[in-house]
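Examining the three-dimensional arrangement
One letter stands for each residue in the lines below.
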Amino acid sequence: MNHLATASARNSVPVSGAAVAARRPVNALTIDVEDYFQVSAFAPYIARSEWDSRECRVERNVDVILGLLDRHGVSATFFTLGWIAERYPALVRRIVAEGHELASHGYGHHRATDQARDVFADDILRAKKVLEDLSGHEVIGYRAPSFSVCERNLWAFDCMADAGYRYSSSVYPIRHDHYGMPDSPRFAHEVRAGLVEVPVTTVRLFERNFPVGGGGYFRLMPYVLSRWLLRRVNRDDGSPAIFYFHPWEVDPGQPRVAGIDARTRFRHYLNLDRMQARLDALLGDFAWGRVDRVYAIRAADETALA
Ligand SMILES: [Zn+2]
């Protein structure tokens, strides 16, 4: 057992009583607000210097998502890039005005594993300030791009705590070629004093963790299988699930990136045309809420910026 798992056993964060008692546990719904050209898998093909000249689709796609959430009466957490927030301040304000939680996805979508500690610390602090200045609300949640917190950069948790974040959702406890920390705890646990890690949901089968918390896997699997696995987490683990997706996943008409390898192409474009209908079913079949409320994580001073 690694030290993180030990810490988890000692410091497990209890799920809110209301969520446990409810017949339908409230799960956490999250959206990583970035555009298609900022996806980490495209980094070898699209230079950062090209970002400003690419057709931006994020505003339109977030509108689609906000409409979907509104129809289901669901509030969610939007992990938003500082880069996007600066260019689309109205989008940030609309997310907050419609009752959703604004959280941070860092400023420039660098993987934490590619950054030196001081550069990472600057990036997450800059994003927090941009989002707070635009929204007027304290931002307490952070998600590392591509779930890039792993055994070799656990200092990232120290940086998050220092920056004033109260929770992180930066670990995917699976084996994957781009990310993952398979031996990390599967559920919310305190990683530093005052900082909770809320890992994206996995299901335990055949003594291994399988991803069931969204992204490409949700587009790959038949919906009924995703639903069965998520229900298993709610029922057998007695825990809320945390699910994530991206605005570009509801946009089958997005510009195609040329010259990419077959695996990246498969992962990015698979079943984009089915995503909206699947999300519609998912929102109807389960109860959903914002991360801060599902896990009862509060800002240090909730009135400070109100
Ligand atoms: Zn991302």
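Quick note: structure is the one above.
Remember, it's a predicted structure, so these values are computed and weren't measured experimentally. (Residues numbered from 1 in each chain as written. Predicted model: local features only at pLDDT ≥ 70, side-chain atom pairs only at ≥ 80, totals over all residues. Heavy atoms only, no water.)

1. Some words on helix H5 (residues 89-97)
Listed in full, the buried residues belonging to H5 are Leu91, Val92 and Ile95. Taken around the axis of H5, the buried residues stretch over an arc of 100°, which confines them to a single face. Buried residues belonging to H5 abut strand S1 (26-33), helix H3 (58-72), strand S2 (77-80), helix H4 (82-87), strand S3 (101-104) and helix H6 (117-135). Following H5 by one or two positions, Gly99 adopts a phi angle in the positive range, close to 90°. (Buried < 20%, exposed > 50% of the residue type's maximum accessible area, 1.4 Å probe, protein only. Helix = DSSP H or I, 4+ residues; strand = E, 2+ residues; numbered from the N terminus. Arc of directions from axis to C-beta. Contact = heavy atoms within 4.5 Å.)

2. Comments concerning H3
Across its 15 residues, H3 extends 21 Å between first and last C-alpha, which sits within 8% of the 21 Å expected from 1.5 Å per residue. Taken residue by residue, H3 has Val58, Asn61, Val62, Ile65, Leu66, Leu68 and Leu69 as its buried positions. On an axial view of H3, the arc spanned by its buried residues comes to 160°, and they lie on one face. Looking at H3, the residues exposed on the side facing more than 90 degrees away from the buried face are Asp70 and Arg71. On its buried face, H3 sits against S1, S2, H4, H5, strand S10 (242-245) and helix H11 (275-285). (Expected span 1.5 Å × (residues − 1).)

3. Focus: the side chain of His100
Among the structural elements, His100 can be located in the loop between H5 and S3. In this structure the side chain of His100 is engaged in a polar contact, spanning 3.0 Å, whose partner is the backbone nitrogen of Ala76. Every residue in contact with His100, bar those within four places of it in the chain, is listed here: Leu66, Leu69, Val74, Ser75, Ala76, Phe78, Ile95 and Arg290. (Polar contact = N/O pair within 3.5 Å; in protein donor to acceptor, adjacent residues only side chain to side chain.)

4. Remarks on the nonpolar core
Judged by nonpolar contacts, the single largest core of 74 residues is most densely connected at Phe78 and Met160. With 6 residues, the single largest contributor to this core is H3. Once residues within four sequence positions are removed from consideration, Phe78 is found in contact with Ile31, Val33, Val62, Ile65, Leu66, Leu69, Ile95, His100, Glu101, Leu102 and Ala103. Ranked by size, the runner-up nonpolar core spans 14 residues in total, among them Ile140, Ile242, Ile297 and Ala299. (Core = buried A, V, L, I, M, F, W, Y, C linked by side-chain atoms within 4.5 Å.)

5. Some remarks on the coordination of the zinc ion
Around the zinc ion, the protein contributes the donor atoms Glu34 (OE), His105 (NE2) and His109 (NE2), at 2.0 to 2.1 Å from the metal centre. Motif for the zinc ion, donor spacing along one chain: E-x70-H-x3-H. Linking Glu34 in the loop between S1 and H3 with His109 in the loop between S3 and H6, this pair joins segments that are 75 residues apart in sequence. You'll find Glu34 and His109 in the same group, each marked buried. (Donors = N, O, S within 2.8 Å, 3.2 Å for Na, K, Ca; no water.)

6. Considering the pattern of salt bridges
This structure, assessed with the given rule, holds 16 salt bridges. Glu50 is the partner of Arg54 in a salt bridge, and the nearest nitrogen-oxygen pair spans 3.0 Å. Its relative accessible area of 26% is what places Arg54 among the partly exposed residues. You can call Glu50 partly exposed: its relative accessible area is 29%. Taking the shortest distance from any N to any O, the salt bridge between Arg219 and Glu249 comes out at 2.6 Å. Taken as a pair, Arg219 in helix H8 (residues 216-220) and Glu249 in the loop between S10 and helix H10 (262-269) lie far apart in primary sequence, 30 residues in all. You can call Arg219 buried: its relative accessible area is 2%. When salt bridges with common partners are traced through the structure, they connect Glu55, Arg57, Arg60 and Asp251 into a single cluster. (Salt bridge = Lys/Arg side-chain N within 4 Å of Asp/Glu carboxyl O.)

7. Notes on the environment of Phe42
Examined against the element boundaries, Phe42 turns out to sit in the loop between S1 and H3. The buried category is assigned to Phe42, whose relative accessible area is 1%. Between the C-alpha atom of Phe42 and that of His268, which follows or precedes it by 226 residues, the distance is 9.4 Å. Aside from chain neighbours lying at most four places away, what touches Phe42 is Tyr36, Phe37, Val257, Ile260, Thr264, His268 and Tyr269.

8. A word on the packing of aromatic side chains
If you walk through the whole model with that rule in mind, you get 16 aromatic pairs. For the pair Phe79 and Tyr167, a centre-to-centre distance of 6.3 Å together with 80° between the ring planes defines the contact as edge-to-face. Of this pair, Phe79 sits in strand S2 while Tyr167 sits in strand S5 (residues 167-168), and the two are 88 residues apart along the sequence. In this structure Phe79 comes out as buried when scored by relative accessible area, which is 0%. On the basis of relative accessible area, Tyr167 is assigned to the buried category, the value being 0%. Both rings, one in Phe218 and one in Tyr223, keep their centres 6.2 Å apart while their planes meet at 85°; by these two values the pair is edge-to-face. Of the aromatic side chains, those joined through ring pairs into one cluster are Phe218, Tyr223, Phe243, Phe286 and Trp288. The residue whose ring lies beneath Arg126 is Tyr107, and the NZ or CZ to ring-centre distance is 3.5 Å. For the cation-ring pair, Arg231 lies above Phe286, with the distance from its terminal atom to the ring centre recorded as 5.8 Å. (Phe/Tyr/Trp six-rings, centres within 6.5 Å; stacked < 30°, edge-to-face > 60°. Lys NZ or Arg CZ within 6 Å of the ring centre and 35° of its normal.)

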